[in-house]
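# Examining the three-dimensional arrangement
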Amino acid sequence: AFTAMKVAIERLNEVRIPPQPFTGYGSGIEAYRFSGNGFVLDVIWSVDGTQRQINLPSSMFIAAYTRDGNSITPISSGSNVVLNVGFENIYLKRKP
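Below, the discussion takes up the pattern of salt bridges. Considering all chains together, one arrives at 4 salt bridges under this definition. Residue Arg 67 is joined to Glu 88 by a salt bridge in which the shortest nitrogen-to-oxygen separation is 3.2 Å. You can see Arg 67 sitting in the loop between strand 5 (61-66) and strand 6 (75-77) and its partner Glu 88 sitting in the loop between strand 7 (80-85) and strand 8 (90-94), a full 21 residues away along the chain. Salt bridges sharing partners connect three or more residues here, namely Arg 67, Asp 68 and Glu 88.

Here's what the structure looks like:
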């Protein structure tokens, strides 16, 4: 729990608060968007714990992190990247 809180503080220090709900990742996924300087940070998780996937254009992807701060390498799929999302939130840093 301490590591997760530390990572949340580190990630959120880069952005402006308050966040806005973001519904662009589809059903079963909850996300909140924080605005940064030239990027947005989405905090994303599956509402029911079911493993789900989100897709976005590769050109929009900057970085992704687990709840504990480990880097996530997305899966390439054509001109998109795919990220798995489960019960534990991920942080997605992307272009707006």
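Moving on from the model shown.
Strand order in the open sheet made by the 3 strands is 4-7-6, with antiparallel pairing throughout. Either end of the sheet is taken by a strand with one partner, and the two such strands are strand 4 (52-57) and strand 6. When the angles between neighbouring strand axes are averaged without regard to direction, this sheet yields 35 degrees.

As summarised here, the arrangement of the 5 strands in space is 1-2-3-8-5, forming an open sheet in which the pairing is antiparallel. Among the strands making up the open sheet, the edge pair consists of strand 1 (16-21) and strand 5. Direction aside, the axes of adjacent strands within the sheet are offset by 25 degrees on average. Two elements, strand 3 (residues 40-46) and strand 8, share 5 bridges in a ladder whose sense is antiparallel. What sits directly across from Asp 42, in strand 8, is Leu 92.

Looking now at the side chain of Asn 89. With respect to the helices and strands, Asn 89 occurs in the loop between strand 7 and strand 8. Exposure remark for Asn 89: the relative accessible area of 15% places this residue in the buried category. Beyond its immediate sequence surroundings of up to four residues, Asn 89 is in contact with Val 43, Ile 44, Trp 45, Thr 66 and Arg 67.

Per the counting criterion, the structure on display carries 2 aromatic pairs. Judged by centre distance (5.0 Å) and plane angle (65 degrees), the ring pair of Phe 22 and Tyr 25 falls under edge-to-face. Each ring, one from Tyr 32 and one from Trp 45, has its centre 5.9 Å from the other, and the planes form 25 degrees; the classification is stacked. Here Tyr 32, found in strand 2 (residues 29-35), pairs with Trp 45, found in strand 3; they are 13 residues apart in sequence, far enough to count as distant. Given a relative accessible area of 26%, Tyr 32 falls into the partly exposed group. When the ring centre of Phe 22 is taken as reference, the NZ or CZ atom of Arg 33 above it lies at 3.8 Å. The lysine or arginine in question, Lys 93, covers the ring of Phe 39, its NZ or CZ lying 4.5 Å from the ring centre.

Scoring rules and cut-offs
Residues numbered from 1 in each chain as written. Predicted model: local features only at pLDDT ≥ 70, side-chain atom pairs only at ≥ 80, totals over all residues. Heavy atoms only, no water. Salt bridge = Lys/Arg side-chain N within 4 Å of Asp/Glu carboxyl O. Helix = DSSP H or I, 4+ residues; strand = E, 2+ residues; numbered from the N terminus. Pairing = 2+ DSSP bridges. Axes fitted to C-alpha atoms, helices over the stretch in contact; angles between N-to-C directions. Buried < 20%, exposed > 50% of the residue type's maximum accessible area, 1.4 Å probe, protein only. Contact = heavy atoms within 4.5 Å. Phe/Tyr/Trp six-rings, centres within 6.5 Å; stacked < 30°, edge-to-face > 60°. Lys NZ or Arg CZ within 6 Å of the ring centre and 35° of its normal.

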